[in-house]
Amino acid sequence: MVGLFLQPGFQPGSAHALGIGGIQFPDIDPPVSIGDQELTRKKPDWLPPSLGENASVILVPGTTDYDGSDQMARTAGIGFYDSPDDTDYHPDITTVDYPAAFGLKIFGLQIDLAGVGTFNESVDKGTATGVQDAYAAWETQRQQGTVIVNGYSQSGPVAMNIAYELHKDYVNGVEGAIPDENVAVVVGADSRFPNTGVENVVPSFIDGMYTNGDRDPADTGDIKVISYCVQGDATCGVGNPFADPIGTFFYLIPGFYTHAFLESHVNDYTVVGEPKTVGNTTYVVLKGDGGGNPWGMMLRDVGIDVPKEFDEALNTLIPVPMPGEQAEIGGHAIPTPRELQEQIYEKLGWTVPATDPDVLDKRAAGATGSSTATTETAATTETAATTETVKTTETVKTTETTAESASAVPTAPDTATPDTGSPAATGSEAPEVSEPETAEPETAEPETGSGPETEATRSESTADEADDHSGKTSDMSDDTSSDDTSSDDTSSDDEPSSGSTDSESGSGTSGGASSNSSSAGQ
């Protein structure tokens, strides 16, 4: 399972192979010939033609790609930010400085498989730094143009988390926030790719390597997102072992290789079908060279020239899992292991561990029963509740004053209102004959009384009830306001997965942590 995550484009001499506690083992580097083929530079047709024009790029490196050179090669190096006529737009590129590490904890003992730190800690730190870098870039370009957030593999979740936090700041009205229309995201091999991302398949139970499940495209609002995955990649296109155990495990080894060394060749690959757009997110699935089988692609890359027929034969015998597709048997959807974990935990009243901010914000909103839309919404609701409480209190006080004034008016004994259970407002005790059974109900309709004594009696009764329940009235007002907010939550949850933002951003400040800057193509 660990191998499903650990598939970066390793940089020779840069990655610690293994560390347990304070013990660090020697580096293990792949042969220099692996993944060393010439790359094709041409802007892919599935990217917006203007991507890179009047823009800054927040480049988030993958695991152990500390200086971002590998990520530069698979994006700017193959024309992601070129114009349609292949002229480089030369956007300013800031490389996010974060651990880019991969590790876990077992009984509190940290095990560093690559770099220093756990996977979850690395993603969280990259998110915080990336948000700061995005705001710094926005200020540098004088709050105009586009801020492009780019990630791959481990940095895919980082890039998407950055976009989520920027969108949350914008809808919450944070001063200096970047509008959604000025942000774009390009991610490759996202571990939360729909249905087949490794974080949607592997259960969440290892400390430091918790998975976060499927992603809701609505969580990034109007930010334009392009997410691509190569068929066979074992991070974004892993199979469902419940529905297809043979195919899932048969393609793991070449899937690791495809992820680590072949994603830079996307310009040589073909798009499978039509890209699927959900909200403002477009999902692109690519098929590799030759016959597109991961085994054939890997063998050809290491110098074993297997023919296209080899790929076709394997594709027929053991189909390659298709990225983004829901696994089915007999027309019935089959849950992934992680989805099954969620179902079991929900029945037991447990919570599946998670770390990404979009998941945590939704859980916090569900626990409090409040909307996560905007801080302004919460403030408006609170103000409305306070205003309603004040109005109710003033009404009660007004009723009391009216009742006291009316009590000074003489009241005839034979006009006592039946069934009120309260004395007549005469300034003295009620007579013994105030029992309602001596009067015919038909002749004692309260509406027929037009004299001041009838109004006084009714006002006194209202005042007594208001005194007894004045505190309850305020509470009911607060409950009503809460119900209104819950109603908003219910309406926003009509979609399968609702968009979620939260007022607790912590990322609305401008500026950035130390980062490396470079210019693409220069």
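**Notes on the overall build of the chain**
Here is step 1 of the chain: On a plain count of helices and strands, the chain comes out with 13 helices and 15 strands.
Here is step 2 of the chain: Expressed as a percentage of contacts within the chain between residues at least 6 apart in sequence, the contacts between residues at least 24 apart total 76%.
Here is step 3 of the chain: On the chain, roughly 24,700 Å² of surface is accessible, and the fraction owed to carbon and sulfur atoms is 54%.

**Overview of the state of the cysteines**
Here is step 1 of the chain: Under the counting rule described, the total for this entry stands at one disulfide.
Here is step 2 of the chain: The disulfide partner of C229 is C236, and the gap between their sulfur atoms is 2.0 Å. One quick way to see it: the torsion about the S-S bond of C229 and C236 is about 85 degrees, and its sign makes the bridge right-handed. No difference in accessibility class separates C229 from C236, as the two residues are buried.

**What to know about the nonpolar core**
Here is step 1 of the chain: Grouped together as the largest cluster of nonpolar side chains are 35 residues, with contacts concentrated most on W46, F80, Y228, V266 and L286.
Here is step 2 of the chain: Those elements that provide at least two residues to this core are strand 3 (55–59), strand 7 (146–152), strand 8 (183–188), strand 9 (224–230), helix 7 (252–262), strand 12 (281–287) and helix 8 (294–301).
Here is step 3 of the chain: Once you skip the residues sitting within four places of it in the chain, V266 turns out to touch W46, I78, F80, Y228, V230 and L286.
Here is step 4 of the chain: Among the nonpolar cores identified, the runner-up in size contains 34 residues, and V60, V123, Y135 and V147 belong to it.

**A closer look at unusual backbone geometry**
Here is step 1 of the chain: With a phi close to 50 degrees, N54 is a non-glycine residue in the positive phi region.
Here is step 2 of the chain: When you line up the elements, N54 lands in the loop between strand 2 (23–24) and strand 3.

**Quick word on the packing of helix 7 against helix 8**
Here is step 1 of the chain: The interhelical angle for the contact between helix 7 and helix 8, taken along N-to-C directions, is 55 degrees, at an axis separation of 9 Å. In terms of orientation, helix 7 lies oblique with respect to helix 8. Handedness of the crossing formed by helix 7 with helix 8: left-handed. Only P294, W295, M297, M298 and D301 of helix 8 make contact with helix 7, whose side of the interface consists of I253, P254, Y257, T258 and L262.
Here is step 2 of the chain: Of the residues that constitute the contact of helix 7 with helix 8, the class distribution is eight nonpolar, one polar and one charged.

**With respect to the pairing of strand 3**
Here is step 1 of the chain: Here strand 3 lies mainly inside the structure; five of its five residues are buried.
Here is step 2 of the chain: By the alternation rule, side chains of strand 3 split into A55, V57 and L59 and S56 and I58, which are all buried.
Here is step 3 of the chain: Relative to strand 4 (residues 92–95), strand 3 is paired through four bridges, and the arrangement is parallel. Bridge pairing in strand 4 places L59 opposite T95.

**Points about the pattern of salt bridges**
Here is step 1 of the chain: A complete count under the given rule lists 14 salt bridges for this structure.
Here is step 2 of the chain: Here R41 ties to D82 by a salt bridge, and the two come within 2.9 Å at their closest N and O atoms. A residue pair is termed long-range when its members are at least 10 positions apart, and R41 in the loop between strand 2 and strand 3 and D82 in the loop between helix 2 (69–73) and strand 4 qualify at 41 residues.
Here is step 3 of the chain: One salt bridge connects K362 with D216, and the closest N-O pair in it is separated by 3.5 Å. On the criterion of sequence distance, the pair formed by K362 in helix 11 (residues 357–368) and D216 in the loop between helix 5 (198–201) and strand 9 is long-range, its members being 146 residues apart.

**Comments concerning empty space enclosed by the protein**
Here is step 1 of the chain: Under the criterion given, the structure shown has four cavities of 30 Å³ or more.
Here is step 2 of the chain: Taken as a whole, the largest cavity encloses approximately 80 Å³ of empty space.
Here is step 3 of the chain: Forming the boundary of the largest cavity are M160, N161, Y164, R215, D216, P217, D219, T220, T281, Y283 and D358.
Here is step 4 of the chain: Contributing elements (two or more residues each) for the lining of the largest cavity: helix 4 (155–171) and strand 12.
Here is step 5 of the chain: Of the residues forming the lining of the largest cavity, the biggest block, three residues, is contributed by helix 4.

**A word on the packing of aromatic side chains**
Here is step 1 of the chain: Applying the stated criterion across every chain, the model contains nine aromatic pairs.
Here is step 2 of the chain: Seen in terms of ring centroids, W46 and F80 are 5.9 Å apart; in terms of plane orientation they differ by 85 degrees. Their pairing is edge-to-face. In this pair, W46 sits in the loop between strand 2 and strand 3 while F80 sits in the loop between helix 2 and strand 4, placing the two residues 34 residues apart along the sequence. Each member of the pair, W46 as well as F80, carries the same accessibility label: buried.
Here is step 3 of the chain: Ring centres of F80 and Y228 lie 6.0 Å apart, and the angle between their planes is 75 degrees; this geometry places the pair in the edge-to-face category. Remark: Y228 occurs in strand 9 and F80 occurs in the loop between helix 2 and strand 4; sequence separation between them is 148 residues.

**What about helix 11?**
Here is step 1 of the chain: With 12 residues, helix 11 should reach 16 Å at 1.5 Å per residue; the first-to-last C-alpha distance of 16 Å fits that figure.
Here is step 2 of the chain: As for helix 11, its buried residues are in contact with helix 4.
Here is step 3 of the chain: Of the residues trailing helix 11, G369 is marked for its positive phi of about 70 degrees.

**Comments concerning the environment of A100**
Here is step 1 of the chain: Mapped onto the elements, A100 comes out in the loop between strand 4 and strand 5 (102–106).
Here is step 2 of the chain: When the C-alpha atoms of A100 and V123 are compared, they prove to be 7.7 Å apart, with 23 residues separating the residues in sequence.

The rules behind the values
One numbering rule holds for all chains: residues counted from 1, following each sequence as written. Thresholds applied to this predicted model are a pLDDT of at least 70 for local features of residues and 80 or more for the giving and counting of side-chain atom pairs; totals over whole chains, interfaces and linings are not thresholded and use all residues. Note: side-chain values were computed over all heavy atoms of the structure, leaving out hydrogens and water. Counting from the N terminus, the helices are DSSP H or I runs at least four residues long and the strands are E runs at least two residues long. Contacts: residue pairs with any heavy atoms within 4.5 Å of one another. Residue burial considers only the protein chains on display, and all accessible areas are found by Shrake-Rupley using a 1.4 Å probe. The term disulfide is used for any two cysteine sulfur atoms that are within 2.5 Å. The classification of residues rests on relative accessible area computed with a 1.4 Å probe and restricted to protein chains. Under 20% of the type maximum is buried, over 50% is exposed, and intermediate values are partly exposed. Here, the term nonpolar core denotes a set of buried Ala, Val, Leu, Ile, Met, Phe, Trp, Tyr and Cys residues that are joined through side-chain atoms within 4.5 Å. Here, axes are lines fitted to C-alpha atoms. For helices the fit covers the stretch in contact, and angles between N-to-C directions go from 0 to 180 degrees. The cut-offs work like this: below 35 degrees is roughly parallel, past 145 is roughly antiparallel, 65 to 115 is roughly perpendicular, and the gaps in between are oblique. Rotating anticlockwise by less than a right angle from the far helix to the near helix defines a left-handed crossing, while the corresponding clockwise rotation defines a right-handed one. Charged residues are taken to be Asp, Glu, Lys and Arg, nonpolar residues to be Ala, Val, Leu, Ile, Met, Phe, Trp, Tyr, Cys and Pro, and polar residues to be all remaining types, Gly included. Pairing between strands is defined by DSSP: at least two bridges between them are needed. Note on definitions: salt bridges are taken to be side-chain nitrogens of Lys or Arg within 4 Å of carboxyl oxygens of Asp or Glu. Note on definitions: the grid is 1 Å and covers protein atoms alone; a cavity is a set of points where a 1.4 Å probe fits but cannot get out; a pocket is an open set with protein on both sides within 12 Å along at least five of seven lines; lining residues have an atom within 4 Å of a point. Grid points are joined across faces, edges and corners, and a volume is the space filled by probe spheres set on the points. Stacked, tilted and edge-to-face are the three classes assigned to paired rings of Phe, Tyr and Trp, where Trp is represented by its six-membered ring and a pair needs centres within 6.5 Å; plane angles under 30 degrees give stacked, over 60 edge-to-face, the rest tilted. Helix span, expected: 1.5 Å multiplied by one less than the number of residues in the helix.

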